[in-house]
Amino acid sequence: MKKFSVVIAGGGSTYTPEIILMLLDNLDRLPLRCIKLYDNDEERQNKVAKACEILIHDIDPTIEYCATTDPEVAYTDVDFCLAHIRVGQLPMRELDEKISIKHGVVGQETCGPGGIAYGMRSIGGVLENIDYMEKYSPNCWMLNYSNPAAIVAEATRRLRPNSRVINICDMPIGMENTIARILGFNNRKEMDVRYFGLNHFGWWSSIKDKQGNEYLPKLIEHQLKYGNCEAEDKVENYTDASWFETAREVKDLVRFDKNFAPNSYLKYYLNGDQVMAHTNPNYTRANEVMDGREKRVFEECARIAEKGTSEGTTLEIGIHASFIVDLATALAFNTHERMLLIVENNGAIANFSPDAMVEIPCIVGKDGYEPLSIGNIPTFQKGLMEQQVAVEKLVVDAWIEHSYEKLWQALILSHTVPNANTAKALLDDLIEANKGYWPELH
Ligand code: NAD
Ligand code: G6P
Ligand code: MN
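A short tour of the structure in this document, coming up.

What counts as what
- Every chain's residues receive numbers from 1 upward, in the order its sequence appears when written.
- Key to labels: chains lettered from A, ligands numbered from 1, both in the order written.
- Side-chain atom pairs in this predicted model are given and counted only at pLDDT of 80 or more, local residue features only at pLDDT of at least 70, and totals for whole chains, interfaces and linings cover all residues.
- Note: side-chain values were computed over all heavy atoms of the structure, leaving out hydrogens and water.
- Here a residue is considered near a molecule or strand provided that any single heavy atom belonging to it is located within 4 Å of it.
- In protein, a polar contact means a hydrogen-donor-capable atom and an acceptor-capable atom, both N or O and within 3.5 Å, with residues adjacent in sequence counting only if both atoms are side-chain atoms; elsewhere, any N or O pair within 3.5 Å suffices.
- Accessible areas in this description were obtained via Shrake-Rupley with a 1.4 Å probe; residue shielding takes into account the shown protein chains only.
- Helix and strand definitions here come from DSSP, where helices need a minimum of 4 consecutive H or I residues and strands a minimum of 2 consecutive E residues; each element is numbered from the N-terminal end.
- Charged means Asp, Glu, Lys or Arg here, nonpolar means Ala, Val, Leu, Ile, Met, Phe, Trp, Tyr, Cys or Pro, and polar covers whatever is left, Gly included.
- Take the number of residues in a helix, subtract one, and multiply by 1.5 Å to get its expected span.
- Think of it in three bands: with a 1.4 Å probe and only protein chains considered, a residue is buried below 20% of the maximum accessible area for its type, exposed above 50%, and partly exposed in between.
- We call two residues in contact when some of their heavy atoms are within 4.5 Å.
- To qualify as a nonpolar core, a set must consist of buried Ala, Val, Leu, Ile, Met, Phe, Trp, Tyr and Cys residues joined through side-chain atoms within 4.5 Å.

1. Notes on the site of ligand 1
1) Next: As a matter of local geometry, ligand 1 sits amid 27 residues, with Ser-13, Asp-39, Arg-44, Glu-109 and Tyr-118 nearest to it.
2) Next: Taking Thr-14, its side chain carries an N or O atom lying 3.0 Å from an oxygen atom of ligand 1.
3) Next: For ligand 1, an oxygen atom lies 2.8 Å from a polar atom in the side chain of Arg-86.
4) Next: Burial of ligand 1 by the surrounding chains reaches 96%, relative to a free accessible area of 860 Å².
5) Next: Take the shell around ligand 1: its biggest share by element is four residues, from helix 5 (residues 112-136).
6) Next: Residue composition of the shell around ligand 1, by class: eight nonpolar, 11 polar and eight charged.

2. Details of helix 4 (residues 89-102)
1) Next: Over its 14 residues, helix 4 runs 21 Å from end to end, which matches the ideal 20 Å to within 8%, given 1.5 Å per residue.
2) Next: The set of residues buried in helix 4 consists of Leu-90, Met-92, Arg-93, Glu-94, Asp-96, Glu-97, Ile-99, Ser-100 and Ile-101.
3) Next: Buried residues along helix 4 sit against helix 2 (42-59), helix 5, helix 12 (272-277), helix 13 (285-307) and helix 17 (420-433).
4) Next: Just beyond helix 4, the residue with positive phi is Gly-104, at close to 80 degrees.

3. Quick notes on the side chain of Glu-392
1) Next: With respect to the helices and strands, the residue Glu-392 is situated in helix 15 (residues 379-401).
2) Next: A distance of 2.8 Å separates polar atoms of two side chains, one belonging to Glu-392 and the other to Gln-388.
3) Next: Leave out the neighbours within four places in its chain, and Glu-392 touches Ala-150, Ile-151, Glu-154 and Leu-198.

4. Details of the site of ligand 2
1) Next: Of all residues adjacent to ligand 2, which total 13 residues, the nearest are Arg-93, Asn-147, Asp-170, Arg-285 and Arg-293.
2) Next: Within the side chain of Asn-147, one N or O atom sits 2.7 Å away from an oxygen atom of ligand 2.
3) Next: At a separation of 3.1 Å, an oxygen atom of ligand 2 approaches a polar side-chain atom of His-200.
4) Next: Relative to its unbound accessible surface of 390 Å², ligand 2 loses 89% to contact with the protein.
5) Next: Here the element with the most residues in the shell around ligand 2 is helix 13; it accounts for three residues.
6) Next: The residue makeup of the shell around ligand 2, split by class, is six nonpolar, two polar and five charged.

5. Thoughts on the nonpolar core
1) Next: Residues Tyr-75 and Leu-407 are the most contacted members of the largest nonpolar core, which totals 138 residues.
2) Next: Setting aside chain neighbours within four positions, we find Tyr-75 in contact with Val-7, Ala-9, Tyr-38, Cys-81, Asn-129, Tyr-132, Met-133, Tyr-136, Ser-137 and Met-142.

Geometry only, nothing functional implied.
Here it is as structure tokens:
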């Protein structure tokens with residue numbers, strides 16, 4: 001069987017070790033001959049690089065490995081690029097969140113002003129990586145989950161329309177794991193789902209078993225009582241309390257439309273007042289991640305590097321990340337697996353702009369993806385999506401045209417921002433904080 005070569009872009013990410021473990025756990029499905037890490041910050045990548053080498057060596061010493069900051073080395077002779085870069089890293093995420101909160105608006109990584117600011121940083125970094133890929137391995141596929149995925153996807157659609165990039169998010173997968181448990185399935189793959197929306201902004205419209213029986217009403221009945229928590233669920237079942245909150249708050253999102261199961265990220269747009277009431281402006285999710293996941297992962301990687309063995313490691317396979325292997329396998333072996341991807345609408349949602357990037361089920365095979373037809377969506381969801389997709393398009397316009405006005409409009413249109421004056425004050429603070437990362441606006 002053919003063996004593949006992959007590069008992980010954003011090699012210094014806190015997710016890299018768990019993704020490597022996941023790749024190693026799936027070698028029977030996706031055989032590998034080479035794994036490379038690529039980052040533009042050598043010092044950060046070195047925090048995980050040695051441990052990753054040991055993890056790979058302990059499981060399959062025949063797999064070649066290197067960690068590099070040289071794009072040519074990274075992108076030469078690769079079949080798949082797994083891209084998860086964070087331009088500006090976690091300290092800039094912290095600023096995105098805290099600047100938003102200072103203006104009375106939800107402070108979130110990908111939603112609202114935080115996501116807009118992050119989008120303005122990410123576009124250039126992702127395009128740069130696509131260009132390296134096309135230069136050194138023109139047949140490579142980039143599986144991109146660098147955030148904010150919605151804005152990045154719109155930028156790739158506009159600026160690299162013919163590139164082999166597939167934009168994807170793990171949120172529906174994570175939520176489907178929970179939904180499967182709630183509904184009594186052993187595995188999310190026992191469910192056939194229909195879903196429509198934008199990234200971090202969508203709804204399940206059907207969940208069927210393999211016999212074709214519909215489970216959505218049963219799920220919604222459960223969600224109205226417990227959200228996405230199992231009845232007996234405890235905070236301890238989640239790595240962080242804030243993710244438990246997000247699962248629980250799904251119950252506040254089904255109240256106003258009992259026909260669809262919402263993506264939990266809709267809370268940032270629709271229940272921002274509740275989110276703000278539980279927010280500590282001095283200690284946001286970025287702080288939790290830096291003091292939690294980042295510290296845990298880097299300390300464990302240092303321990304492995306020092307001992308020279310991965311035996312007894314606390315690092316775990318990234319179960320959520322299994323979609324990466326599913327997607328790569330579908331492309332490599334033409335499996336025609338049905339997956340939710342972020343793709344150009346192009347008529348799939350009949351009553352929605354053809355040029356919007358939407359998150360919908362697609363069939364994935366050797367030549368890429370074929371979106372399923374969704375039909376018409378209801379007025380409420382359509383209205384919300386039109387507003388949000390306009391925000392995402394205006395951010396990309398602003399990045400291309402270096403336009404202050406377009407970015408101001410994006411902020412005004414965001415459902416999270418109350419008025420134009422607040423949008424302007426936010427914009428001025430974000431420009432100051434993002435000097436060197438954003439194009440200069442005028
Ligand atoms: P992180 O800051 O720990 O790691 C990101 C790495 O990217 C850093 O080491 C940084 O130096 C590197 N980087 C930045 N710009 C780069 C460039 N131009 N070229 C190469 N490398 C570059 O971040 P993290 O918390 O591990 O998250 C990584 C990314 O994955 C983020 O964008 C995050 O939002 C995203 N993510 C997405 C999903 C999804 O479902 N779509 C899920 C999890 C994480
Ligand atoms: C989910 C989303 C990602 C997001 C991540 C943030 O997985 O799909 O897009 O980046 O959550 O998680 P964090 O633990 O960093 O807050
Ligand atoms: Mn996501």
